[in-house]
Amino acid sequence: MSANAQDATVAGAMLRSGLAPADARVLMRAVLNVDDAFLVAHPEHVLDAAQLARFRAMAVRRREGEPVAYLTGEREFYSLNFRISPAVLIPRPETELLVEAALARLPEDGSSRVLDLATGSGCIAIVLARHRPRAQITATDISAEALALARDNAAAHRARIEFIQSDWFASLAARRFDVIVSNPPYVALADPHLSEGDVRFEPRQALVAGPKGLDAIETLVEHARDHLAAGGWLLFEHGYDQGVCAQAMLGAAGYEQCFTLRDLAGQPRVSGGLTPSRHHL
Ligand SMILES: C[S@@+](CC[C@H](N)C(=O)[O-])C[C@H]1O[C@@H](n2cnc3c(N)ncnc32)[C@H](O)[C@@H]1O
């Protein structure tokens, strides 16, 4: 096989892409619509001209820093595949901890009212709907583009979810829920990580929350009280260094049984508390 012909094989194109092998594999899988086993079993498979051109174009964009998930248009979360676009945050593995915390508080066979605030791609709401089919799930976001994508994802997973465009609680009137979950923006305005890696390509609105990154969490803690049923839980994700602050805010607002969970890296990542009982007197 000539060098040019070799460049058009799965192994050759990946090797010459200049990408980390893991990235090259994900992009090649997307271009050929195959799984990893195919790539391992058929390194000599020859790409046609259109496939090769698409792979090379994606490789260029990846070398320029674009996240793999935006190039392939998909990302797995809690074992489900979600469509992703630059209008939404790329779902993170840490957020699975928030899902676990919510599932632990939702009855398996009873009904419950759940609100996913700032739903983005819809990943949290959709996983909850799939695991708790009797729950009535409402999901909100301020971004119309994010909501359109979340609706598509819900339809693809046959998840029954009510979507509402809302600036935090503004469009929810006096509605109350048994569990409110949220992965809000929690990055500080001047955080140097904003100019590094994948986050450079994600919507600022999905990441940044004021000078200390706490503005959205403050809103959640303050206003969730007016939208929780008696015995209802507020559960939210936060930065690795915001656990102490989150606990302090929950405590000051009168929430009870406050807790913080650590992610797989051992970092404080999810906090929550039970409706303040005084609030319902
Ligand atoms: C960190 S992303 C979370 C997305 C998704 N829940 C996830 O975990 O992948 C935060 C989301 O908050 C939304 N958002 C930002 N400001 C908002 C506001 N004022 N009201 C409602 N949603 C807002 C953004 O559009 C974005 O989708």
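A brief structural summary.

Thresholds applied
- Residues numbered from 1 in each chain as written.
- Predicted model: local features only at pLDDT ≥ 70, side-chain atom pairs only at ≥ 80, totals over all residues.
- Heavy atoms only, no water.
- Buried < 20%, exposed > 50% of the residue type's maximum accessible area, 1.4 Å probe, protein only.
- Helix = DSSP H or I, 4+ residues; strand = E, 2+ residues; numbered from the N terminus.
- Pairing = 2+ DSSP bridges.
- Right-handed = clockwise from strand over helix to strand, strands pointing away.
- Axes fitted to C-alpha atoms, helices over the stretch in contact; angles between N-to-C directions.
- Contact = heavy atoms within 4.5 Å.
- Near = heavy atom within 4 Å.
- Polar contact = N/O pair within 3.5 Å; in protein donor to acceptor, adjacent residues only side chain to side chain.
- Areas by Shrake-Rupley, 256 points an atom, 1.4 Å probe, with all protein chains shown as cover.
- Nonpolar A, V, L, I, M, F, W, Y, C, P; charged D, E, K, R; others polar.

1. Here's the deal with the pairing of strand 4 (residues 136–141)
Within strand 4, 5 of the 6 residues are buried, which leaves it mostly tucked inside the rest of the structure. Pairing analysis gives 5 bridges linking strand 3 (residues 113–117) to strand 4, with the strands arranged parallel. Its bridge partner being in strand 4, R113 is matched across the sheet by Q136. For the segment spanning strand 3, helix 8 (residues 123–131) and strand 4, crossover handedness is right-handed. Bridge count between strand 4 and strand 5 (residues 161–165): 5 bridges; the pairing is parallel. Paired with T140 across the two strands is I164, which belongs to strand 5.

2. Brief notes about the sheet that holds strand 5
Spatial strand order, 5-4-3-6-7-9-8: 7 strands in an open sheet with mixed pairing. Sheet topology places strand 5 and strand 8 (256–262) at the edges, where each strand pairs with a single neighbour. For this sheet, the mean angle separating the axes of adjacent strands, direction not counted, is 15°. In terms of strand pairing, strand 8 meets strand 9 (residues 268–274) through 5 bridges, oriented antiparallel. Pairing of T260 across the sheet is with S271, part of strand 9.

3. Observations concerning helix 7 (residues 95–103)
Of all the 9 residues making up helix 7, 7 are buried; the element is thus mostly covered by neighbouring parts of the structure. For helix 7, the full list of buried residues reads T95, L97, L98, V99, A101, A102 and L103. For helix 7, the elements touching its buried residues are strand 1 (74–77), helix 8, strand 6 (177–182), strand 7 (228–237), strand 8 and strand 9.

4. Notes on the site of the ligand
Near the ligand lie 19 residues; those nearest to it are A118, D141, D167, W168 and N183. Within the side chain of D141, one N or O atom sits 2.6 Å away from an oxygen atom of the ligand. For the ligand, a nitrogen atom lies 2.8 Å from a polar atom in the side chain of D167. When isolated, the ligand has an accessible area of 600 Å², and the protein chains bury 94% of it. Contributing elements (two or more residues each) for the shell around the ligand: helix 8 and helix 10 (204–207). Looking at the shell around the ligand, its residues break down into 10 nonpolar, 7 polar and 2 charged.

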